[in-house]
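Now for the letters of each chain:
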Amino acid sequence: MAERDRKVEHIRICTTQDVQFKDKHTGFEDIDLVYDALPEMKLSEVDSRTTFLGHEFAAPLMVSGMTGGTAIAKQINKDIAAACEELGLGMGLGSQRRMVEAPALTETYYVRDVAPTIFLAGNLGATQARQYALDVIEKMLEDVGANALAIHLNPGQEAVQPEGMPDFKGCLKTIDLLARRLQVPVYVKEVGHGLAREAVQRLAHTKIKAVDVAGAGGTSWIGVDSLRGKKEVGQTFWDFGVPTAAALLEARQAWKGPLIASGGIRSGLDVVKALAMGASLGELAQPVIKAQSEGGREGVKKLLSRLVEEIRIGMFLVGAKDVKSLKQKKFIVYSGRLREWLDQRKTKYS
Ligand SMILES: Cc1cc2nc3c(=O)[nH]c(=O)nc-3n(C[C@H](O)[C@H](O)[C@H](O)COP(=O)(O)O)c2cc1C
């Protein structure tokens, strides 16, 4: 199937079918934040601003890379970007593979007309990045005005995709090369099945600037792509992956730089938990494209505004006046399945 048609299918499936993990959760449900009933401040005084890769955000929140390369993606990207501009949040574009192969499709990714100031991440799969010359990738990023490149790792998705290319040989070398040579910072993300400590340890030897764990518990990309092809194999692996909260702590041990928490982030409280655990930003994908399909730009704005409000309330309720003090506080209680995972994997959590 052509890449364009695949993108249309992805959008359709993600906005009309249940493609969330079934019996595996992010692990945030096994985390309690300790309530501070005497916060000595007003809710309105909470300062949610933060900086990520040198860029200011009004709140520690970003929309994950999703789309581009097909006609309907143009409006989706513009609506998401305009809402992010209004709220001072960041955004990722979907894989720019289509744009490299057909430059006329650049306009389906271009959002700088409606979002001149947001942090904007370009996107490529590691397996595609491996095939492109450096100047092609540089131009691809320049043409959309990207502030960074997110390289995605998706062996699970490729393995179940009818037209997938499950070959990741040489990808680490490509990532390092791009991180050294590109003008903009490079970071690495999964697509919702998570990065475990061992993968992050290998990435830590490269010159990437951030890690986005994109863990399990939200949208299952093995699930999405199996609905388009290898249905039974996809069922077997639907819930495969490292739960987001576990991935975050595993990554924290191997990586001292900025971390993005994503994969099943569904509330501002999830974001507050992730930040208290050491993340710099929380990020979400599928609920945003669903909100866009139902309510356009206003729908996206409503969803993201709710999350920002929840982040502020969450910070207030643990007595964290700003993002820095949130990261310094030790007010987390771990329980249940998450704790079992962390114990068996000898992952520090206190
Ligand atoms: C419609 C859609 C398209 C996506 N396309 C891409 C992509 O092109 N590149 C990428 O790195 N991730 C892509 N993703 C994965 C997301 O960036 C994210 O990692 C994943 O969906 C988990 O987050 P969630 O649980 O909040 O949806 C896509 C997600 C959705 C919902």
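Residues numbered from 1 in each chain as written. Predicted model: local features only at pLDDT ≥ 70, side-chain atom pairs only at ≥ 80, totals over all residues. Heavy atoms only, no water.

## Overview of the UniProt feature "domain: FMN-dependent dehydrogenase" (unreviewed entry) in the protein chain
Step number 1: UniProt tags residues 8-97 and 171-329 as "domain: FMN-dependent dehydrogenase" (unreviewed entry).
Step number 2: The span residues 8-97 is 30% helix and 17% strand, and its two end C-alpha atoms sit 14 Å from each other. (UniProt positions renumbered as here; feature names shortened; annotations may be inferred. Helix = DSSP H or I, 4+ residues; strand = E, 2+ residues; numbered from the N terminus.)

## Re the sheet that holds strand β10 (residues 259-262)
Whenever strands of a sheet pair, they do so through backbone hydrogen bonds, lying parallel or antiparallel.
Step number 1: Strand order in the closed barrel formed by eight strands is β4-β5-β6-β7-β8-β9-β10-β11, with parallel pairing between adjacent strands. On average, adjacent strands in this sheet sit at an angle of 25° to one another, irrespective of strand direction.
Step number 2: The pairing of strand β4 (residues 61-63) with strand β11 (residues 281-284) spans three bridges and is parallel. Across the sheet, L61 pairs through a bridge with G282, a residue of β11.
Step number 3: Packing against the sheet, helix α5 (residues 134-144) makes contact with β6 (120-125) and β7 (148-152), and its axis sits at approximately 145° to β6. (Pairing = 2+ DSSP bridges. Axes fitted to C-alpha atoms, helices over the stretch in contact; angles between N-to-C directions. Contact = heavy atoms within 4.5 Å.)

## A look at the site of the ligand
Step number 1: If you check the shell around the ligand, you find 23 residues, and the closest are G65, M66, S95, K189 and T219.
Step number 2: Separating an oxygen atom of the ligand from a side-chain N or O atom of N123 is a distance of 2.9 Å.
Step number 3: A distance of 2.9 Å separates an oxygen atom of the ligand from a polar atom in the backbone of G264.
Step number 4: Notes on the ligand: free accessible area 610 Å², of which the protein chains cover 97%.
Step number 5: The site holding the ligand turns out to be the largest cavity.
Step number 6: Looking at the shell around the ligand, the elements that each hand over two or more residues are α1 (3-16) and α13 (286-317).
Step number 7: Looking at the shell around the ligand residue by residue, the classes come out as eight nonpolar, 11 polar and four charged. (Near = heavy atom within 4 Å. Polar contact = N/O pair within 3.5 Å; in protein donor to acceptor, adjacent residues only side chain to side chain. Areas by Shrake-Rupley, 256 points an atom, 1.4 Å probe, with all protein chains shown as cover. 1 Å grid on protein atoms, 1.4 Å probe; cavity = no way out; pocket = protein on both sides within 12 Å on 5 of 7 lines; lining within 4 Å. Sits in = over half its atoms within 2 Å of the grid points. Nonpolar A, V, L, I, M, F, W, Y, C, P; charged D, E, K, R; others polar.)

## Remarks on the environment of E232
Step number 1: Mapping E232 onto the fold places it in helix α10 (residues 231-237).
Step number 2: Remark: the alpha-carbon pair of E232 and V46, spanning 186 residues in sequence, is separated by 49 Å.

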